[in-house]
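# Examination of the molecular architecture
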Amino acid sequence: MFSGKTEELIRRLRRAQIARQRVEIFKPVIDDRYAKDHIVSHSELKIPSRAVRTAKDVLRWAHEAQVIGIDEGQFLGAELIDVCEKLARAGKRVIVAGLDQDYMGKPFEPMPQLLAISEFITKTLAICMVCGAPANRTYRKVAKGGRVVVGGADLYEARCRRCFDLGQRAKAADPIHQFPEESHEIAKPVRRRGAAAPARSRRRVR
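In this text, all values refer to a predicted model and were calculated from it rather than measured experimentally.

A few words on the overall build of the chain. The helix and strand inventory of the chain stands at five helices and 10 strands. In the form shown here, the chain has an accessible surface area of approximately 14600 Å², with 50% of it arising from carbon and sulfur atoms.

Next comes the structure, spelled out in structure tokens:
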């Protein structure tokens, strides 16, 4: 989550619309976090969409479309694989966005299977909310049962592999630059180009 995958999906679909291609956009009915009739990113970019209960419902509305966009594909189950194959064989461009791992870090079907049969794959990374490293895992912050629990920043945060494995023991990394409370560094004078070097005192040793 929070990697910009929905933003990227919206960007590609808008480009298809600008090219005057017939576009149909779908999302699972379970995803009603921001709107029921729009795909909405965490940064509040949005585009009108149709909510479907099953992957097969996509076929009912996509027969005239040239480009099909599907958000949160992991919520549509294994039949999404066959639906995408049928659409692709019909000469349509199919763009699916979704999580490839669940909150336990396990493959989130059917996304791994879709990755295997796709012609093109774009994997976006988030920023770890603990240490700031690139993040490819979603950490559930509260104990809530079930693999599928729809939520946003109130329930989930992006984490890197290390901070994900640490779980609640993960702590924010120290700031990149640490300065002591008292600094004893003395600024050195800068000599201008062409200026004579300052005279040095010499002591004779007898």
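Next comes the rest of the write-up.
Before going further, it helps to examine the sheet that holds strand 5 (residues 67-70). Strand pairing in a sheet takes place through backbone hydrogen bonds and is either antiparallel or parallel in direction. Pairing within the open sheet is parallel, and its four strands lie in the order 4-1-5-6. The open sheet is flanked by strand 4 (50-52) and strand 6 (93-96), the only strands paired with a single partner. Strand-to-strand twist in this sheet, taken as the mean axis angle between neighbours without regard to direction, amounts to 25°. Two strands pair when backbone bridges link them, and strand 1 (residues 23-28) and strand 4 are joined in this way by three bridges, in the parallel orientation. Bridge assignment links F26 to a residue of strand 4, and that residue is R50. Its contacts with the sheet place helix 3 (residues 79-89) against strand 5 and strand 6, and it is angled at close to 150° to strand 6.

With that settled, consider unusual backbone geometry. Following E109, the chain continues into P110 via a peptide bond in cis, with omega recorded as 10°. Here P110 lies in the loop between strand 6 and helix 4 (111-117). The phi torsion at R20 lies on the positive side, around 65°, for a residue other than glycine. Topologically, R20 is positioned in the loop between helix 1 (5-18) and strand 1. Assessed through its relative accessible area of 77%, R20 is described here as exposed. Positive phi, close to 55°, is recorded for E72, a residue that is not glycine. Summarising the element assignment, E72 is placed in the loop between strand 5 and helix 3. Look at E72 and you get buried, because its relative accessible area is 5%.

Looking at where T138 falls in the secondary structure, it is placed in strand 9 (residues 137-140). The exposure class assigned to T138 is buried, which follows from its relative accessible area of 5%. The contacts of T138, once residues within four sequence positions are left out, are M1, L99, D102, Y103, Y156, E157 and F164.

A word on a nonpolar patch on the surface. Nonpolar side chains collect at one region of the surface, where V29, I30 and V148 lie side by side and expose about 210 Å² of accessible area between them. You can see I30 is positioned in the loop between strand 1 and strand 2 (38-40). A relative accessible area of 38% places I30 in the partly exposed class.

Moving on, we come to the side chain of E157. Within the secondary structure layout, E157 lies in strand 10 (residues 156-159). Judged by relative accessible area, which is 15%, E157 ranks as buried. A polar atom in the side chain of E157 sits 2.8 Å from the side chain of R159. Residues contacting E157, with those up to four places away along its chain left out, are F2, M129, V130, R137, T138, Y139 and K141.

Burial along strand 5 is two-sided: the face carrying V67 and G69 and the face carrying I68 and I70 are both buried. Both strand 1 and strand 5 contribute to a ladder of four bridges, which runs parallel. Of the residues in strand 5, the one forming a bridge with V23 is V67. Where strand 5 lies against strand 6, four bridges are found, and the strand directions are parallel.

What counts as what
- Residues numbered from 1 in each chain as written.
- Predicted model: local features only at pLDDT ≥ 70, side-chain atom pairs only at ≥ 80, totals over all residues.
- Heavy atoms only, no water.
- Helix = DSSP H or I, 4+ residues; strand = E, 2+ residues; numbered from the N terminus.
- Areas by Shrake-Rupley, 256 points an atom, 1.4 Å probe, with all protein chains shown as cover.
- Pairing = 2+ DSSP bridges.
- Axes fitted to C-alpha atoms, helices over the stretch in contact; angles between N-to-C directions.
- Contact = heavy atoms within 4.5 Å.
- Buried < 20%, exposed > 50% of the residue type's maximum accessible area, 1.4 Å probe, protein only.
- Patch = residues over 30% accessible without salt bridge, like charges linked within 9 Å, V, L, I, M, F, W, Y side chains within 5 Å.
- Salt bridge = Lys/Arg side-chain N within 4 Å of Asp/Glu carboxyl O.
- Polar contact = N/O pair within 3.5 Å; in protein donor to acceptor, adjacent residues only side chain to side chain.

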